[in-house]
Amino acid sequence: MKTKEMVFAALFAAFIGVLGLIPPIPLGFIPVPITAQTLGVMLAGCFLGRKTAGLSLILFIVLVSLGLPLLSGGRGGLSAIIGPGAGYILSWPIAAFCIGFMTEKVWGKLKTWKLFMINFVFGVLLVSLIGAPVMALVTNTSIWAGLIGALAFIPGDCIKALIAAIVAVQLKTISPIEDKVHRSLNTEI
């Protein structure tokens, strides 16, 4: 991994931590609040690509596990990682990797709507499909109830998916993915 990629991974881990400063919106019917941090997860995948985005979120989770209060509401430590939100938080590296993988696949013909769809499938649906069942298991409720409760996240997550897609398209020229594309073109010539 190049130094530039390590710096981007660290910057995005810090950025997601900063998004945790935005107060969470608690929901009365499920123990996991609405946060802005999934915006950072989607943006990491769209902007950094699969490898760097995945590593960025792994770094973020390691820092939270060590006790840094980077999760929304100033939470940190192992108790935050193994609580009701565990599935959501632990799905973030998977989601960022998948978003980055698919973004790299469409990079040559990048459009906002394509990135929105990628973010929706992997940043909204995948995170919910991993997070909601784990939340249900931790809270000793039915998985079906967890999935129904997770529907509350869909509208806000769709807005975050759109914002991440718009920002990533606007920043395309400075993305590390663009560097990879240029390096591969230069090696082919």
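Structure shown above.
Worth saying up front: this structure is predicted, and the values here are computed from it rather than measured.

Engineer: Which residues make up the overall build of the protein chain, and what values go with them?
Structural biologist: Looking only at helices and strands, one finds 9 helices and 0 strands in the protein chain. Taken from the N to the C terminus, the helices and strands of the protein chain come in the order α-α-α-α-α-α-α-α-α. In summary, the protein chain has a C-alpha radius of gyration of 16 Å against a globular reference of 16 Å for 189 residues, a match within 12%. Projecting the C-alpha coordinates of the protein chain onto the three principal axes gives extents of approximately 60 × 35 × 25 Å. The buried share of the protein chain, reckoned over its 189 residues, is 44%. Once local pairs closer than 6 in sequence are excluded, the contacts in the protein chain between residues at least 24 apart make up 74%. With an accessible surface of roughly 9,200 Å², the protein chain has 75% of that area assigned to carbon and sulfur atoms. The protein chain carries 13 positive and 6 negative side-chain charges, and their two centres are separated by 3 Å.

Engineer: Outline the nonpolar core, supporting the account with residue identities and numerical values.
Structural biologist: By size, the foremost hydrophobic cluster in this structure holds 47 residues, and its most contacted members are Phe60, Tyr88 and Trp92. For this core, the secondary structure elements donating two or more residues are α1 (3-19), α2 (37-48), α3 (50-65), α4 (78-81), α5 (86-106), α6 (112-139) and α8 (154-170). Top element by residues in this core is α2. It accounts for 8 residues. Leave out the neighbours within four places in its chain, and Tyr88 touches Val32, Val127, Ser128, Gly131, Ala132, Met135, Ala150 and Phe153.

Engineer: Please provide a residue-by-residue account of the packing of aromatic side chains, values included.
Structural biologist: The description of an aromatic ring pair uses the distance of the two centres, along with the angle that the planes make with each other. One pass over the structure, following the stated rule, counts 6 aromatic pairs. With a centroid separation of 6.4 Å and an interplanar angle of 25°, the aromatic rings of Phe116 and Phe120 are classed as stacked. Taken together, the residues span about one helical turn, with Phe116 and Phe120 both in helix α6 at a distance of 4 residues. Members of the aromatic cluster, each reached through a chain of ring pairs, are Phe8, Phe12, Phe15 and Phe47. Directly above the aromatic system of Trp107 lies the positively charged group of Lys172, at a separation of 5.4 Å from the ring centroid.

Engineer: So what's going on with a nonpolar patch on the surface? Residues and values would help.
Structural biologist: Residues Met1, Met6, Leu55, Ile58, Val62, Leu66 and Leu68 make up a contiguous nonpolar surface patch of about 640 Å² in total accessible area. Ranked by residues supplied to the nonpolar patch, first place goes to α3 with 3 residues. Structurally, Met1 is set in the segment before α1.

Engineer: Give a detailed account of the packing of α2 against α5, specifying residues and quantitative values.
Structural biologist: The geometry of α2 relative to α5 is characterised by a closest axis approach of 7 Å and an angle of 35° between their N-to-C directions. Crossing handedness for the pair α2 and α5: right-handed. Here Gln37, Thr38, Val41, Met42, Gly45 and Cys46 of α2 come into contact with α5, specifically with Trp92, Ala95, Ala96, Ile99, Gly100 and Thr103. For the contact of α2 with α5, the class distribution of residues is 7 nonpolar, 5 polar and no charged.

Engineer: Residue-level account of α6, with values.
Structural biologist: The end-to-end C-alpha distance of α6 is 37 Å, a good match for the 40 Å that 28 residues give at a rise of 1.5 Å each. Most pronounced at Asn119, the bend in α6 amounts to some 30°. For α6, the set of buried residues is Leu115, Ile118, Asn119, Gly123, Val124, Val127, Ser128, Gly131, Ala132, Pro133, Met135 and Ala136. As for α6, its buried residues are in contact with α2, α5, α7 (143-150) and α8. Where α6 terminates, the next one or two residues include Asn140, which has phi positive at roughly 60°.

Scoring rules and cut-offs
- Residues numbered from 1 in each chain as written.
- Predicted model: local features only at pLDDT ≥ 70, side-chain atom pairs only at ≥ 80, totals over all residues.
- Heavy atoms only, no water.
- Helix = DSSP H or I, 4+ residues; strand = E, 2+ residues; numbered from the N terminus.
- Rg over C-alpha atoms; globule rule 2.2 N^0.38 Å.
- Buried < 20%, exposed > 50% of the residue type's maximum accessible area, 1.4 Å probe, protein only.
- Contact = heavy atoms within 4.5 Å.
- Areas by Shrake-Rupley, 256 points an atom, 1.4 Å probe, with all protein chains shown as cover.
- Lys, Arg positive; Asp, Glu negative; His and termini not counted.
- Charge placed at Lys NZ, Arg CZ, Asp CG, Glu CD.
- Core = buried A, V, L, I, M, F, W, Y, C linked by side-chain atoms within 4.5 Å.
- Phe/Tyr/Trp six-rings, centres within 6.5 Å; stacked < 30°, edge-to-face > 60°.
- Lys NZ or Arg CZ within 6 Å of the ring centre and 35° of its normal.
- Patch = residues over 30% accessible without salt bridge, like charges linked within 9 Å, V, L, I, M, F, W, Y side chains within 5 Å.
- Salt bridge = Lys/Arg side-chain N within 4 Å of Asp/Glu carboxyl O.
- Axes fitted to C-alpha atoms, helices over the stretch in contact; angles between N-to-C directions.
- Left-handed = near helix turned anticlockwise from the far one by under 90°.
- Nonpolar A, V, L, I, M, F, W, Y, C, P; charged D, E, K, R; others polar.
- Expected span 1.5 Å × (residues − 1).
- Bend = angle between axes of the 7 residues up to and from the residue.

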